[in-house]
Amino acid sequence: VQLQAFGGGLVQAGGSLRLSCATSGIIFSANHMGWYRQAPGKQRELVALITSGGGTNYADSVKGRFTISRDNVKNTVNLQMNSLKPEDTAVYYCNAERTDAYRINYWGKGTLVTVSS
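Position labels on residues start from 1 in each chain and follow its written sequence. Selection of residues for local features in this predicted model requires a pLDDT of at least 70, selection of side-chain atom pairs for listing and counting requires 80 or more, and totals for whole chains, interfaces and linings are taken over all residues. Hydrogen atoms and water are omitted, and side-chain values are computed over all heavy atoms in the structure.

Trainee: What am I meant to see in the overall build of the protein chain here?
Mentor: The helix and strand inventory of the protein chain stands at zero helices and eleven strands. Throughout, the radius of gyration refers to the C-alpha atoms, and the reference size of a globule is 2.2 Å times the residue count to the power 0.38. Taken over the C-alpha trace, the protein chain has a radius of gyration of 13 Å; the compact-globule value for 117 residues is 13 Å, and the two agree within 12%. Exposure categories follow from relative accessible area, calculated using a 1.4 Å probe and restricted to protein chains: below 20% of the type maximum is buried, above 50% is exposed, and the middle band is partly exposed. Here the protein chain holds 117 residues, and 40% of them are scored as buried. In this analysis, two residues are considered to be in contact whenever any of their non-hydrogen atoms come within 4.5 Å of each other. The long-range fraction of contacts in the protein chain, counting pairs at least 24 apart against all pairs at least 6 apart in sequence, stands at 54%. The Shrake-Rupley method, run with a 1.4 Å probe sphere, supplies the accessible areas, and residue values consider only the shown protein chains as cover. When the accessible area of the protein chain is evaluated, it comes to approximately 6200 Å², of which 49% is carbon and sulfur surface. Neither His nor the chain ends contribute to the count of charged residues, in which Lys and Arg are positive and Asp and Glu negative. Charge positions are represented by NZ for Lys, CZ for Arg, CG for Asp and CD for Glu. Measuring between centres, the 12 positive side-chain charges of the protein chain sit 3 Å from its 7 negative side-chain charges. Put simply, DSSP marks the helices as runs of H or I at least four residues long and the strands as runs of E at least two long, and each gets a number from the N terminus on.

Rendered as structure tokens:
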């Protein structure tokens, strides 16, 4: 199983970035997909989730600014991040959670997003 996140980088406050996560080794359509982030000295937190059926959920801090989407043909999940703030600075991780009874989670290595003020 591989989850490869890319698209991070340095951006000024107010700018945009688009993260993508390419997956292999999983039945993509049978997984909920999520983006998490971890800032220095803080716990990892859920940013956005998209279920296998396409339902979405967002952290309050990113609602209205971030949009998660999935492509069940290309087996990718994306996170469009607009109106970025310095507090969005973190390592962003892609997550896949199986929807069966085992609920196994898979993680990618993360991509760094730095938002300068």
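Trainee: Even after reading the chapter, I still don't get the pairing of strand β9 (residues 90-98), so can you show me in this structure?
Mentor: Looking along a regular strand, one sees side chains alternate from face to face of the sheet. Of all the nine residues making up β9, seven are buried; the element is thus mostly covered by neighbouring parts of the structure. Any two strands with at least two DSSP bridges between them are considered paired. Relative to β9, strand β4 (residues 31-38) is paired through eight bridges, and the arrangement is antiparallel. Considered in β9, the bridge of Y36 is made with Y93. Bridge count for β9 against strand β11 (residues 111-116) is three bridges, and the pairing is antiparallel. The residue bridging Y92 from the neighbouring strand is T111, located in β11. Of the strand pairs in this sheet, β9 and strand β10 (residues 105-107) are connected by three bridges, and their pairing is antiparallel. What sits directly across from N95, in β10, is W107.

Trainee: I tried to follow the side chain of N95 on my own but got confused; where do I start?
Mentor: In this fold, N95 is placed in strand β9. Contacts described as polar in this section are N or O atom pairs within 3.5 Å, which, within protein, must combine one atom able to donate a hydrogen with one able to accept it, while residues neighboring in sequence count only if both atoms come from side chains. Within the structure, the side chain of N95 is placed 3.0 Å from the side chain of N105, a separation counted as a polar contact. At a separation of 3.3 Å, a polar atom in the side chain of N95 contacts the main-chain carbonyl oxygen of Y106. Sequence-distant contacts of N95, defined by excluding residues within four places in its chain, comprise L3, H32, M33, G34, Y36, N105, Y106 and W107.

Trainee: Explain the pattern of salt bridges to me, please; I cannot follow it from the model alone.
Mentor: Close approach of charged atoms lets side chains of opposite charge pair. In what follows, salt bridge is the name for a side-chain nitrogen of Lys or Arg lying within 4 Å of a carboxyl oxygen of Asp or Glu. This model, assessed by the stated rule, comprises six salt bridges. Here E45 and R37 are joined by a salt bridge, their closest N and O atoms 2.7 Å apart. Its relative accessible area of 35% is what places E45 among the partly exposed residues. On the basis of relative accessible area, R37 is assigned to the buried category, the value being 6%.

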